[in-house]
Amino acid sequence: MIFTYDHNGQTVTLTLDQQPDGSYHAVIGDRTYTVQAQPLNEGGWLLALGRQRFVVYSAVEGNTRFLSLEGQDYTLTVPDTRAARRQRSAGGGDLTAQMPGQVVDVLVNEGDTVERGQTLVILEAMKMEIRVAAPAAGRVKRLLARKGEVVERGQLLVEIE
Amino acid sequence: MNLTKCLIANRGEIAVRIIRACRELGIRAVAVYSDVDANARHVQLADEAYPIGAASPAASYLNVAKLLDVARASGCDCVHPGYGFLSEAEHFAQAVLDAGLTWVGPGPDAIRLMGVKTEARALIQPAGVPLVPGFQADDADDNAFVDAAVRIGYPVMVKAAGGGGGKGIRVVYDPAKLPEALAGARHEAQHAFGDPRLFLEKYIETARHVEIQVLADGHGHTLHLFERECSAQRRHQKIVEESPSPLLTPELRQRMGAAAVEAARAVGYTNAGTVEFIATPGGDFYFLEMNTRLQVEHPVTEMVTGLDIVKLQFRIAAGEPLPFAQDDVRQRGHAIECRIYAEDPRNGFLPAIGRVLKFTPPEGPGIRVDSGIQSGDSISLHYDPMIAKVIVYDASREAAINRMHEALNRTVILGTTTNIPFLRALLAHPTFLAGEVDTRFVDTHLNDLLPDTPPLPDAALIAAALGDLHQNQRVGANRRFAPPDNDAVSPWSRADRFRTGG
């Protein structure tokens, strides 16, 4: 099977198939591996790639895959599928205020194109700053937050199309 | 121990820490929780737990009336405030005493006296505690400030007498710019605090933040538990603390300890507290302020002294004398604490809110983890985004640093961005290794401390695909014969309720 993910804005692809003996055959670019894999109770895999052994912890939320290997974290996302889009639109509360607070800064203008993850608005509450980031690439259709304004929980700040 | 049941007016890791002390002392622990904390770790561990309102701290953890209602209704005989929230609120300490309960902390008078900076200075100066050279006079005109600045020596810091929070502060290097700075600071102070009064302090550029832990009982015994070095700060927020301080000589340590004890005595202090100093590489030190509560970083002192500060707080509050004298307290080995935050160092250290899908703390010889969260908990916008404190102990500073690297490498936190890569870079920096980090180091060397995102290892990519391969097979199978959700072959811990095609 072919799997494709986004990692740091780059597309990564691999082919992974299970062999009749239970091992896996993995191809990444011009590298080929025979992989022995044991699932971990706490989530993740003990992998043997030839003589090298790796413990990779993993967790999933929606279309995001979180991985931890040797104390280093990696975040992969599954590119848009119908299910992932549905999941995201259902959880599209990112552009509303998550708590009452004051708008410290508005970093975009109406009509701007924005990238996924780009910070749009900064709120301050309880002496903490909270960034409101774009859940997907798009264009700022409407900007409802104004600098200095106090907003209520759930109030819409930015509309992205 | 004449205390039998304690209300813990806090949440998170410090509430958990206090509950542990209560259990060992045979004191029943009563937790309180806001709406978003109903399943929090401190609630699970307590003997009893009561809701106190909405997530916003003003509605719950800062609500004196509700806290006292719980304390009375549940039959508590004492209250421990932890740190933050109401821990340094004189009115809460007083209200607890007025309700006939024991306050596990210093008296309201000591909290008030140390709370106003200019008052604290005036009180402890006669006790011989060194203060930052400064100038203060209510009726001073600009000429008086200019003369004073020459006496103190440039650079000087212009500060508002009426308040803090960084407002009204100007650092002046050039005497010609002082009048302009005074005018600007006066305007800002008037605007922010309704009080235009200013004072001058010498600005110490390469300062270290070194603090002394003190303990005082109600029988006239005040002693110190040596120092903590807390110079590794980001915008005045401590991130790494250690004991002993690499800066102190035995002689300086002895002098600072004695000064801290004098400062505590000057305000009639009881219970645990911390006297903060700024210290210079030249061996000078000056009183900064006293924190009239338990500190976040108290574990490093517990590791090097072998004492349990929280249990001692309860013993002091119960009226017992300290069970040891100054000469009995020893500082052995080296301890380091790292504060792990859900925050993004690459994005201005803004809190990274979200769910911690998996939290596996490190373990091993000499490793202690104080944490108030568990896998599946959300990092709430309402509270401090600290996930855990990782504390290590070893025989030497070098060994402790190596142990901390290993502990951080074994800490698994999935689902939210953390400052762990930043902490590792700081611990590996030559300036940290040399023990020469000052309070401005992190902010001025930030670019060195943000490691590049490493390329994706093939093993991580394979692990991601393995999870999805098995997930797809499960979904593709006839539902009736599909393995149950907890089948061992599916390693993804699905924290959400989303099921593809379900």
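As a further point, take the overall build of chain A. What chain A contains, in helices and strands, is one helix and 15 strands. Of the roughly 8900 Å² of accessible surface on chain A, 45% is carried by carbon and sulfur atoms.

For interface size, the figure often reported is the accessible area lost on association. Under the domain assignment, chain A is made up of domain 1 (2-84) and domain 2 (93-160). One C-alpha centre belongs to domain 1 of chain A, the other to domain 2 of chain A; they are set 34 Å apart.

Where strand β10 (residues 113-114) of chain A meets strand β13 (residues 138-143) of chain A, two bridges bridge the pair, whose relative direction is antiparallel. Each residue of the ladder has a partner; that of T113 of chain A, found in β13 of chain A, is R139 of chain A.

Two pairing modes exist for strands in a sheet, parallel and antiparallel, and in both the strands are linked by backbone hydrogen bonds. Residues and elements named next belong to chain B. Strand order across the open sheet formed by five strands is β3-β2-β1-β4-β5, with parallel pairing between neighbours. The sheet terminates laterally at β3 (48-53) and β5 (102-103), the two strands that pair on one side only. By the bridge criterion, four bridges tie strand β1 (residues 5-8) to strand β2 (residues 28-34) in an arrangement that is parallel. Paired with I8 across the strands is A31, a residue of β2.

Residue and element names in this part refer to chain A. The side-chain alternation of strand β3 (residues 24-28) yields one buried face, formed by Y24, A26 and I28, and one unburied face, formed by H25 and V27. As defined by bridge partners, strand β2 (residues 10-18) adjoins β3 across four bridges and the pair is classed as antiparallel. Bridge pairing in β3 links D17 to H25. Relative to strand β4 (residues 31-39), β3 runs antiparallel, the two sharing five bridges. Residue V27 lies in a different strand from β4, and its bridge partner there is T32.

Counting residues at the interface gives 55 residues for chain A and 50 residues for chain B. Carbon and sulfur atoms make up 68% of the area that chain A and chain B hide from each other, which totals about 4800 Å². Inspection of the region where chain A meets chain B yields two salt bridges. With a closest N to O distance of 2.7 Å, R65 of chain A and D468 of chain B form a salt bridge. Along the contact surface separating chain A from chain B lie 11 residue pairs in polar contact (both at pLDDT 80 or more). In terms of residue class, the side of chain A that touches chain B is built from 32 nonpolar, 14 polar and nine charged.

Turning to the environment of G100 of chain B, a few remarks are in order. All names here are of chain B. With respect to the helices and strands, G100 occurs in the loop between α4 (90-98) and β5. The exposure class assigned to G100 is exposed, which follows from its relative accessible area of 64%. Taking the C-alpha atoms as reference points, G100 and E48, 52 residues apart in sequence, are found 21 Å from one another.

Residues and elements named next belong to chain B. What the domain assignment lists for chain B is domain 1 (5-104), domain 2 (133-202), domain 3 (208-449) and domain 4 (462-502). Measuring from the centre of the C-alpha atoms in domain 1 to the corresponding centre in domain 3 gives 23 Å. On the domain 3 side, the residues contacting the 36 residues of domain 1 number 29 residues. Here E24 ties to K311 by a salt bridge, and the two come within 2.8 Å at their closest N and O atoms.

The subject of this paragraph is helix α13 (residues 420-428) of chain B. Taken across its nine residues, α13 of chain B has seven buried, putting it largely inside the fold. When α13 of chain B is considered as a whole, its buried residues turn out to be I420, F422, L423, R424, A425, L426 and L427 of chain B.

What follows is about the side chain of N419 of chain B. Residues and elements named next belong to chain B. By the secondary structure assignment, N419 is in the loop between β23 (412-414) and α13. Residue N419 is classed as buried on the basis of its relative accessible area, which comes to 0%. Reaching out from N419, the side chain makes a polar contact with the backbone nitrogen of Y341 at a distance of 2.9 Å.

Moving on: the confidence of the model for chain A. All names here are of chain A. Per-residue confidence for chain A gives a mean pLDDT of 85, with 88% of residues at or over 70. At the low end of the mean pLDDT range in chain A sits helix α1 (residues 82-90), at 49; at the high end sits β3, at 97. Across residues 87-93, where pLDDT falls below 50, the model places nine contacts with residues more than four positions away in sequence or in other chains.

Our next topic: the pattern of salt bridges. Charged atoms that come close allow side chains of opposite charge to pair. Residues and elements named next belong to chain B. Evaluated as defined, the whole model comprises 41 salt bridges over all chains. For the salt bridge of E211 with R228, the shortest nitrogen-to-oxygen distance reads 2.7 Å. Placement of E211 in strand β10 (residues 208-216) and of R228 in strand β11 (residues 222-234) is noted, with a sequence separation of 17 residues between them. Here E211 matches R228 in class, with each residue buried. The structure contains a network of salt bridges with shared partners spanning E211, R228, K238, E241, E276, E297, E337 and R339.

In this section: the packing of helix α3 (residues 64-73) of chain B against α4 of chain B. Residues and elements named next belong to chain B. The contact between α3 and α4 brings their axes to 11 Å, and the two run at 30 degrees. Viewed along their axes, α3 and α4 adopt a mutual orientation that is roughly parallel. Two packed elements cross with a definite hand, and for α3 against α4 that hand is right-handed. Only H91, F92, A95 and V96 of α4 make contact with α3, whose side of the interface consists of V64, L67 and L68.

Turning our attention to the nonpolar core. Residue and element names in this part refer to chain B. The biggest cluster of nonpolar side chains holds 36 residues, and the ones touching the most others in it are I8, C22, L215, L225, F314 and F324. Those elements giving two or more residues to this core turn out to be β1, α1 (12-25), β2, β11 and α11 (309-317). When residues in this core are grouped by element, the largest group, seven residues, is from α1. Non-local contacts of I8, meaning those with residues more than four positions away in its chain, are made with A15, I18, I19, C22, A29, V30, V32 and H80. By size, the runner-up hydrophobic cluster in this structure holds 32 residues, among which are V392, I401, M404 and L427.

The rules we used
- Residues numbered from 1 in each chain as written.
- Chains lettered and ligands numbered in written order.
- Predicted model: local features only at pLDDT ≥ 70, side-chain atom pairs only at ≥ 80, totals over all residues.
- Heavy atoms only, no water.
- Helix = DSSP H or I, 4+ residues; strand = E, 2+ residues; numbered from the N terminus.
- Areas by Shrake-Rupley, 256 points an atom, 1.4 Å probe, with all protein chains shown as cover.
- Domains from an automatic or database assignment.
- Pairing = 2+ DSSP bridges.
- Buried < 20%, exposed > 50% of the residue type's maximum accessible area, 1.4 Å probe, protein only.
- Contact = heavy atoms within 4.5 Å.
- Buried area = accessible area lost by both parts, 1.4 Å probe.
- Salt bridge = Lys/Arg side-chain N within 4 Å of Asp/Glu carboxyl O.
- Polar contact = N/O pair within 3.5 Å; in protein donor to acceptor, adjacent residues only side chain to side chain.
- Nonpolar A, V, L, I, M, F, W, Y, C, P; charged D, E, K, R; others polar.
- pLDDT = per-residue confidence, 0-100.
- Axes fitted to C-alpha atoms, helices over the stretch in contact; angles between N-to-C directions.
- Parallel < 35°, antiparallel > 145°, perpendicular 65-115°, else oblique.
- Left-handed = near helix turned anticlockwise from the far one by under 90°.
- Core = buried A, V, L, I, M, F, W, Y, C linked by side-chain atoms within 4.5 Å.

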